[in-house]
Amino acid sequence: LSTLVQDKNGKIQLVTKGAVEEMLSICAYAEYDGEVVPLTGEIREKIINTVDGLNEKGFRVLVVSQKSNPSPVGVFGAQDECDMVMMGYLAFLDPPKESTMEAIQALKRYGVATKILTGDNEKVTRTICRQVGLKVRGMLLGTDLETMTDEKLAKEAEYTDVFAKLTPEQKVRVVRVLREKGHTVGFMGDGVNDAPALKKADIGVAMGITGTEVSKDAAAMILADDNFATIIKAVANGRNVYRNIKNSIKFLLSGNMAGILSVLYTSLMGLPVPFAPVHLLFINLLTDSLPAIAIGMEPAEAGLLEQPPRDPKEGILTREFLTDIGVQGAIIAVCTMLSYYTGLYKPGFMGAPGNQAVASTMAFATLTLARLFHGFNCRSKHSIIRLGLRSNPWSIMAFEAGVVLLAAVLFVPGLQSLFSVADLSIRQLLTIVIFAVVPTLIIQAVKTIRESMK
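Calculation notes
- Residues numbered from 1 in each chain as written.
- Predicted model: local features only at pLDDT ≥ 70, side-chain atom pairs only at ≥ 80, totals over all residues.
- Heavy atoms only, no water.
- Pairing = 2+ DSSP bridges.
- Helix = DSSP H or I, 4+ residues; strand = E, 2+ residues; numbered from the N terminus.
- Salt bridge = Lys/Arg side-chain N within 4 Å of Asp/Glu carboxyl O.
- Buried < 20%, exposed > 50% of the residue type's maximum accessible area, 1.4 Å probe, protein only.
- Contact = heavy atoms within 4.5 Å.
- Polar contact = N/O pair within 3.5 Å; in protein donor to acceptor, adjacent residues only side chain to side chain.
- pLDDT = per-residue confidence, 0-100.
- Axes fitted to C-alpha atoms, helices over the stretch in contact; angles between N-to-C directions.
- Parallel < 35°, antiparallel > 145°, perpendicular 65-115°, else oblique.
- Nonpolar A, V, L, I, M, F, W, Y, C, P; charged D, E, K, R; others polar.
- Core = buried A, V, L, I, M, F, W, Y, C linked by side-chain atoms within 4.5 Å.
- Disulfide = S-S within 2.5 Å.

A. Main features of the sheet that holds strand β7 (residues 116-117). Across the sheet, 3 strands lie side by side as β7-β9-β8; this open sheet has parallel pairing. The open sheet has two edge strands, β7 and β8 (139-141), and neither has a second partner. In this sheet, strand β9 (residues 162-164) lies alongside β8 in parallel orientation, the contact comprising 3 bridges. Bridge assignment links Met139 to a residue of β9, and that residue is Val162.

Listed below in structure tokens is the structure:
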């Protein structure tokens, strides 16, 4: 990188900085002991040894050179970068944080491979790898990539942990071939030259404190604390958000499946429709939305990161997912219909005969309450015994709010006529509670048995 500067005497100078190898190739002189002398082999060797010693300690080194009276301002070009005077070098040390080593090991346990793509030379890179505890299984340099085809690079990139002396274009190429191999790639960088790779990766991660504005604009995520270990929290949050979305969908679809199966059954059997339109609106708009929101607030489980990464090509509606929806919906539908039959055909408890209004009210109340209970089932694939009922207080509040709303519909006179519900006896209310809780007992029993078998 070169620039033209004008000193206080009006003299134009060309100032250039870069890596020691490149600078030695364009410098013919050196300022040594206060004098400009020819850059002899002895001086070159001293410079290289000094820089190598700094590199092995983890220092990044930039050499600075200058040249007086270059071409006139405005027509300066690369041809002027020759016969320059080496002035000295700048050494930078940016030691990795103590938490980086633990983060790399944790990511490895969680199935996330860490690879280093850097423009630094191999000595600095090996030192940094040693400091963070990253075992170097293989290293490729930018010069190696120049002679590789994409097919060869894709094969080598699978097992190579470190890429050194890369240009910005070569970083993009490594990211691209890894993505083409089916990997989900997250790239972390903070410099201007990292911007293309940040944009190319599935997830570009920039530094919020030391990162350049260009890298922040190109990234999809910014670490506010500049801490590599924060990546673990980001991965955990990402997996937890996806899991919660999937569980919310399961809750909504399985609950709606129960309503569909109930209506379909009564239609096939020639029975009166069990739900009025206002009943379904109440279920979908009020009692469904609250548990779904609570499921979305479910905290991350302790072993969430220990699960293998999901296939990015796999959709949400897998065979296992659809089976769970169908089975759980069917169980709720069966209990709803049993409650419906209790009100439709059997004599009313307390001596009053059952009728269609009572049957519809019992079916509506049973489905509503069963879906409120079902919100606990859809919190996780684990049982409530393992999760703990209070681990997500939002689910408890959603259940309580839903019960209050249902009780208002069943017992407040004005709402009774609005929602077309009949008066129910105490034993009919107990029947509703029993049939509503049975699906949850069955589902939780199956989960508990599975956990004990594992």
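B. Spatial organisation of the pattern of salt bridges. Counting across every chain of the model gives 14 salt bridges. Among the ionic contacts, a cluster of salt bridges with common partners joins Asp150, Arg173, Arg176 and Glu180.

C. Geometry of the environment of Met257. When you line up the elements, Met257 lands in helix α10 (residues 230-268). Met257 gets classed as partly exposed once you look at its relative accessible area, which sits at 28%. On a C-alpha basis, the gap between Met257 and Gly329 in space is 5.1 Å, while along the polypeptide they are 72 residues apart. Once residues within four sequence positions are removed from consideration, Met257 is found in contact with Ile325 and Gly329.

D. Representation of the side chain of Gln328. Inspection of the secondary structure assignment puts Gln328 in helix α13 (residues 319-344). Side-chain polar atoms of Gln328 contact the side chain of His374, separated by 3.3 Å. Dropping the residues within four chain positions of it, Gln328 is found in contact with Lys250, Ser254, His374, Cys378 and Ile443.

E. Representation of the confidence of the model for the protein chain within the structure. With 96% of its residues at a pLDDT of 70 or more, the protein chain has an overall mean of 86. Of the regions scoring below 50 in pLDDT, residues 348-353 engages in 11 contacts with residues more than four places distant in sequence or in other chains.

F. A look at the sheet that holds strand β2 (residues 12-18). Within the open sheet, the 6 strands sit side by side as β1-β2-β5-β6-β3-β4. Their pairing is mixed. Sheet topology places β1 (2-6) and β4 (35-38) at the edges, where each strand pairs with a single neighbour. Averaged over all pairs of adjacent strands, the angle between strand axes in this sheet comes to 35°, irrespective of strand direction. Taken together, the 6 bridges between β2 and strand β5 (residues 60-68) define a ladder with antiparallel strand orientation. Each residue of the ladder has a partner; that of Thr16, found in β5, is Ser65.

G. Looking closely at the packing of helix α11 (residues 277-287) against helix α12 (residues 289-296). For the pair α11 and α12, interaxial distance at closest approach is 5 Å and the crossing angle is 25°. Considering their axes alone, α11 and α12 lie roughly parallel with respect to each other. Contacts between α11 and α12 involve Asn284, Leu285, Leu286 and Thr287 from the first element and Ser289, Leu290 and Pro291 from the second. Considered class by class, the residues forming the contact of α11 with α12 number 4 nonpolar, 3 polar and no charged.

H. Seen up close, the nonpolar core. Core analysis: the biggest nonpolar cluster contains 33 residues, and Tyr340, Phe364 and Leu369 have the highest contact counts within it. Of all the elements in the fold, those that place two or more residues in this core are α11, α13, α14 (356-377), α16 (393-411) and α18 (426-453). Looking at which element gives the most residues to this core, the answer is α14, with 12 residues. The residues touching Leu369, leaving out its near neighbours within four places in the chain, are Phe399, Val403, Leu406, Val433 and Ala436. Judged by nonpolar contacts, the second largest core, of 21 residues, contains Leu145, Val175, Phe187 and Ala195.

I. Quick peek at unusual backbone geometry. Positive phi is not limited to glycine here, since Lys165 has a value of about 55°. With respect to the element layout, Lys165 can be found in the loop between β9 and α7 (168-180). Backbone geometry places Ser420, a non-glycine residue, at a positive phi of 55°. Note that Ser420 resides in the loop between α17 (413-418) and α18. Given the relative accessible area of 46%, Ser420 is considered partly exposed.

J. Expanded view of the state of the cysteines. Per the counting criterion, the structure on display carries 0 disulfides. Residue Cys27 stays outside any disulfide, its sulfur separated by 10 Å from that of Cys82, the closest cysteine. With a relative accessible area of 4%, Cys27 lands in the buried category. Between Cys378, a cysteine without a disulfide, and Cys335, which holds the nearest cysteine sulfur, the sulfur-to-sulfur distance is 15 Å. By relative accessible area, which is 2% here, Cys378 ends up buried.

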